Amino acid sequence: MELSYQSMKIAHQAREADELRTEMRRKNLLILIYQELLGQGYMAAALALDQETNGGVRKFEVCDNIDLNMVLTEYESYHYVKFQKYPKLIRRKSEPGQGQSSAKSGTKKSPCSSVKPLPKISQTLQPGNSVKKTAATSHTNEHCSALPTELLEFGLNVSSIRSETAGETAIGRKVQMSDSKGLINDIVKGASCDSDYMEKLLKPLSGFYGMSGEMRELAAIISKDIYLHSPDVRWEDIIGLEDAKRLVKEAVVYPIKYPQLFTGILSPWKGLLLYGPPGTGKTLLAKAVATECKTTFFNISASSIVSKWRGDSEKLVRVLFELARYHAPSTIFLDELESVMSQRGGEHEGSRRMKTELLVRMDGLAKSNDLVFLLAASNLPWELDHAMLRRLEKRILVSLPSSTARQAMISDWLPPLSTTGGVELRTELDYETLAKEMDGYSGSDIRLVCKEAAMRPVRKIFDALESHLDGDSNMPAIQLETVTTADLREVISHTKPSARNLMDRFTAWEREYMSV
Ligand code: ADP
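The structure presented is a predicted model; accordingly, all values stated were derived computationally and were not measured. (Residues numbered from 1 in each chain as written. Predicted model: local features only at pLDDT ≥ 70, side-chain atom pairs only at ≥ 80, totals over all residues. Heavy atoms only, no water.)

(A) Just the overall build of the protein, in detail. Assigned secondary structure in the protein consists of 22 helices and eight strands. The contacts of the protein with a sequence gap of at least 6 include a subset with a gap of at least 24, amounting to 79%. Surface exposure of the protein reaches about 29,100 Å², of which carbon and sulfur atoms provide 54%. (Helix = DSSP H or I, 4+ residues; strand = E, 2+ residues; numbered from the N terminus. Contact = heavy atoms within 4.5 Å. Areas by Shrake-Rupley, 256 points an atom, 1.4 Å probe, with all protein chains shown as cover.)

See the structure below:
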């Protein structure tokens, strides 16, 4: 009788200790989140958390060398050692109405879903986390030492992790370092299941200090021009332009990838001008930078700055550069530069002030170590202001496509067999001859020709489709006519190259203003 009373008492105490531990973990987590929100500048969210906990989270501080990121890193190492792969912690929720809950769709819910509590770290399994019971508790600050000692030895409490990092996390670190490739693979794999995973998560504007209310409003406007989704243009999607691609990589991509190489005399160019006839791939190059670089990418149309913000353009430029610094590393892409920086005199006072502001900001960039690059594009470089040109140290001619590039474009856009909307489109084309005949055509001209040629057989079946819709619902079998070289010739005869006559002017300008 006495024995069973004893065992019941022990069980009861164990349960109580368990509940207390869970409560402690929850509290620790909230405090870590609070610190993270503050650190990242999510002030409004931090304030809300503070209010909802009646100021509870504010009463504590996180021990030295601890933060949420580190806790997650430790968890990832643990997971890697246990399962030989890194955990997938989050995934996109299905849109309301989609009804794609994982349970319904039959997809297995990840065991590491963020909604589940982090598992207790086993002391034997966790590589770098050899929890030293006494040491763990001895390094605590006021908050931690106020906790019952035995509670600190369990789960992901702040103090134990602190002692682990301060102490021997060598194995853990080794696992992380030697397996960085594995991590990248895992991340990529995770991302590929959810293409939005890599979406840019911007720092909050509330952390954008030193700005008046008006400036903050302008910042919010400019933030709309930041690419949050990758534009998904890879280098290999850009046909030809090998020199331009190499130079852009050297000027913008590599300094971010290998910053240690770009110091002193090799310090990166701050301003780069892509110039050339319209439709030759300047915007594509900028989009490839945005895709490959993972910098915060500001896609700004210069003409919209002027037209929409006549009065405020100068302030807008100032906020643009401040915001780029705030979100650094950043790339500012200013398209149609000539519309803001032309050398024509007698303009509007506001426009003159804006030009001056742009020049001042570029000087600021050149002097700073901030990773902010200005990528400008112009179809009319001879119209550009000389002061601006001097600051765009690197100038790259994006020329009309060569014969080989034209051939590659036609065969890429009109291959012998392709499918559109489930319908097969066949072509029989003499690519080499057509490429020769399209001398002087820009990439976008060639795309237009290809599109128009592909449209011809499709047009012929519209009538049949339209009359059929009134009848029965079965689609008739559709057989498109083959697109031939004659079809393309016919289209070419009606399409004039948009920039052939300009090319001489570009090469002359290149000779005069060529950068190294
Ligand atoms: P711009 O030089 O005027 O900025 P874009 O980069 O916007 O020209 O190109 C317009 C379109 O022309 C692109 O969306 C693409 O379809 C096509 N294009 C032009 N040049 C190339 C190229 N080198 N490779 C692939 N597509 C190209």
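(B) A look at the sheet that holds strand β2 (residues 296–301). With parallel pairing, the five strands of this open sheet are ordered in space as β2-β3-β4-β1-β5. Since the sheet does not close on itself, it has two edges, and those belong to β2 and β5 (394–397), each with one partner. Adjacent strand axes in the sheet meet at a mean angle of 15°, parallel and antiparallel pairs treated alike. Pairing geometry for strand β1 (residues 271–275) and β5, over four bridges, is parallel. Looking at β5, one finds that Leu273 is bridged to Arg395. Each of β1 and β5 is contacted by helix α22 (residues 503–513), which is oriented at about 155° to β5, the strand it contacts most. (Pairing = 2+ DSSP bridges. Axes fitted to C-alpha atoms, helices over the stretch in contact; angles between N-to-C directions.)

(C) A look at the site of the ligand. The full set close to the ligand counts 16 residues, and Ile239, Gly279, Lys282, Thr283 and Arg447 are the nearest of them. A distance of 2.8 Å separates an oxygen atom of the ligand from a polar backbone atom of Gly279. Within the complex, the protein chains bury 80% of what would otherwise be the 560 Å² of accessible surface of the ligand. Listing elements by their share of the shell around the ligand, those giving two or more residues are α13 (282–293), α18 (403–413) and α20 (443–469). Considered class by class, the residues forming the shell around the ligand number seven nonpolar, six polar and three charged. (Near = heavy atom within 4 Å. Polar contact = N/O pair within 3.5 Å; in protein donor to acceptor, adjacent residues only side chain to side chain. Nonpolar A, V, L, I, M, F, W, Y, C, P; charged D, E, K, R; others polar.)

Functional significance is not addressed by these values, which are geometric in nature.
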